[in-house]
Amino acid sequence: MIFVGEGALLWRAVQHTLDSGLPVDLVCGPPPAVSTTRPDVPFRAVADVNSVAAELVAASTDGVVWSLNNRMIFRAPVLSRGLRVLNVHHGPLPAYRGLPEVALVYAMLRGEREFAATLHQVDDGIDTGPLLAADRYPIGPDEPFHVVLRRGLRVCQRLFERCLPLVAADPDWNGEPARPGGTGPNGYFGRRELARLPDHRDHPEFSRATDLGFLADYLPELAAVLE
């Protein structure tokens, strides 16, 4: 299995895979600010995963690529090589596509009382591929953003751990019979919606929905817009 992404969510998934006795062929992601790589796992630092498509194909032993906490967009150089790319997306799909932290702010502003982690197969769109599994979790009416986000990341991790053995047993696993999508219409929350967040400062839930707490240093784009 190949892993693409960065941060704690990615490396916890790598560790869980190794602990499960499964092979990790390669980890691919941006150069880490602090060394989180492991000497026993091959690591390829890249700014664009598509630039190393041939390396991914050569390294893969099962044709499966996991994407976790990954901001790189998979394009034809990877998607046309026969690899199956599975993405753990923090957000219910298709209602909350895009940047997970931005989508979560808007979900809280809209009064959503639950959010989700979703596993989907990557296609040539952004968070538009077939849904395979999803785990929902509650948003408390008085909970600040940083509390909800931490809960969501734990749910993302559990979703990966739950689906890993299913994919390992069958790389073509077609997903669970019930594949819940997000409530509401298909929505995309990218940098345009990020830039528009200050327009909602008069919203009664704005302070709660943008309370980054200790996570401010980990979400610099969001923190900068909210200053």
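Residues numbered from 1 in each chain as written. Predicted model: local features only at pLDDT ≥ 70, side-chain atom pairs only at ≥ 80, totals over all residues. Heavy atoms only, no water.

**Q** So what about the overall build of the protein? Which residues, and what values?
**A** For the protein, the helix and strand inventory stands at 8 helices and 9 strands. Here the protein has a C-alpha radius of gyration of 17 Å; the compact-globule value for 227 residues is 17 Å, and the two agree. Principal-axis analysis of the C-alpha atoms gives the protein an extent of 55 × 40 × 30 Å. Every one of the 227 residues in the protein was classed for burial, and the buried ones make up 50%. Put simply, of all contacts in the protein between residues at least 6 apart along the chain, 68% involve residues at least 24 apart. Summed over all atoms, the accessible surface of the protein reaches about 10500 Å², with 53% contributed by carbon and sulfur. One way to put it: in the protein the 22 positive side-chain charges average out to a point 2 Å from where the 28 negative ones average out. (Helix = DSSP H or I, 4+ residues; strand = E, 2+ residues; numbered from the N terminus. Rg over C-alpha atoms; globule rule 2.2 N^0.38 Å. Buried < 20%, exposed > 50% of the residue type's maximum accessible area, 1.4 Å probe, protein only. Contact = heavy atoms within 4.5 Å. Areas by Shrake-Rupley, 256 points an atom, 1.4 Å probe, with all protein chains shown as cover. Lys, Arg positive; Asp, Glu negative; His and termini not counted. Charge placed at Lys NZ, Arg CZ, Asp CG, Glu CD.)

**Q** Which residues make up the pattern of salt bridges, and what values do they have?
**A** Applying the stated criterion to the full structure yields 10 salt bridges. For E193, the salt bridge goes to R192, with nearest N and O atoms at 3.5 Å. For E193, a relative accessible area of 11% corresponds to the buried category. Take R192: its relative accessible area is 56%, and that puts it in the exposed class. Several salt bridges share partner residues, and in doing so they unite R71, E101, R191 and E221 into one network. (Salt bridge = Lys/Arg side-chain N within 4 Å of Asp/Glu carboxyl O.)

**Q** Now, about the sheet that holds strand β3 (residues 43-45): what can you tell me, with residues and values included?
**A** One open sheet accounts for 7 strands, arranged β3-β2-β1-β4-β5-β7-β8; its pairing is mixed. Only two strands of the sheet have a single partner each, and these edge strands are β3 and β8 (131-138). The mean inter-strand angle of the sheet, taken between neighbouring strand axes irrespective of direction, is 15 degrees. With 5 bridges joining them, strand β4 (residues 64-68) and strand β5 (residues 84-90) adopt parallel strand pairing. Across the sheet, the residue bridging to S67 is N87, located in β5. The strands touched by helix α5 (residues 145-169) within the sheet are β1 (2-5), β4, β5, β7 (114-121) and β8, with β8 carrying the most contacts at an inclination of about 145 degrees. (Pairing = 2+ DSSP bridges. Axes fitted to C-alpha atoms, helices over the stretch in contact; angles between N-to-C directions.)

**Q** Describe α5, listing the residues and the values that go with them.
**A** The terminal C-alpha atoms of α5 lie 37 Å apart, and with 25 residues this matches the ideal 36 Å at 1.5 Å per residue to within 8%. A maximum bend of about 30 degrees is found in α5 at C163, where proline P165 lies one to four positions downstream. (Expected span 1.5 Å × (residues − 1). Bend = angle between axes of the 7 residues up to and from the residue.)

**Q** Describe unusual backbone geometry, and please don't skip the residues or the numbers.
**A** The omega torsion of the bond from L93 to P94 falls at 10 degrees, within 30 degrees of zero and hence cis. Backbone geometry at N69 places phi at a positive 50 degrees, although glycine is not the residue there. Note that N69 resides in the loop between β4 and α3 (76-79).

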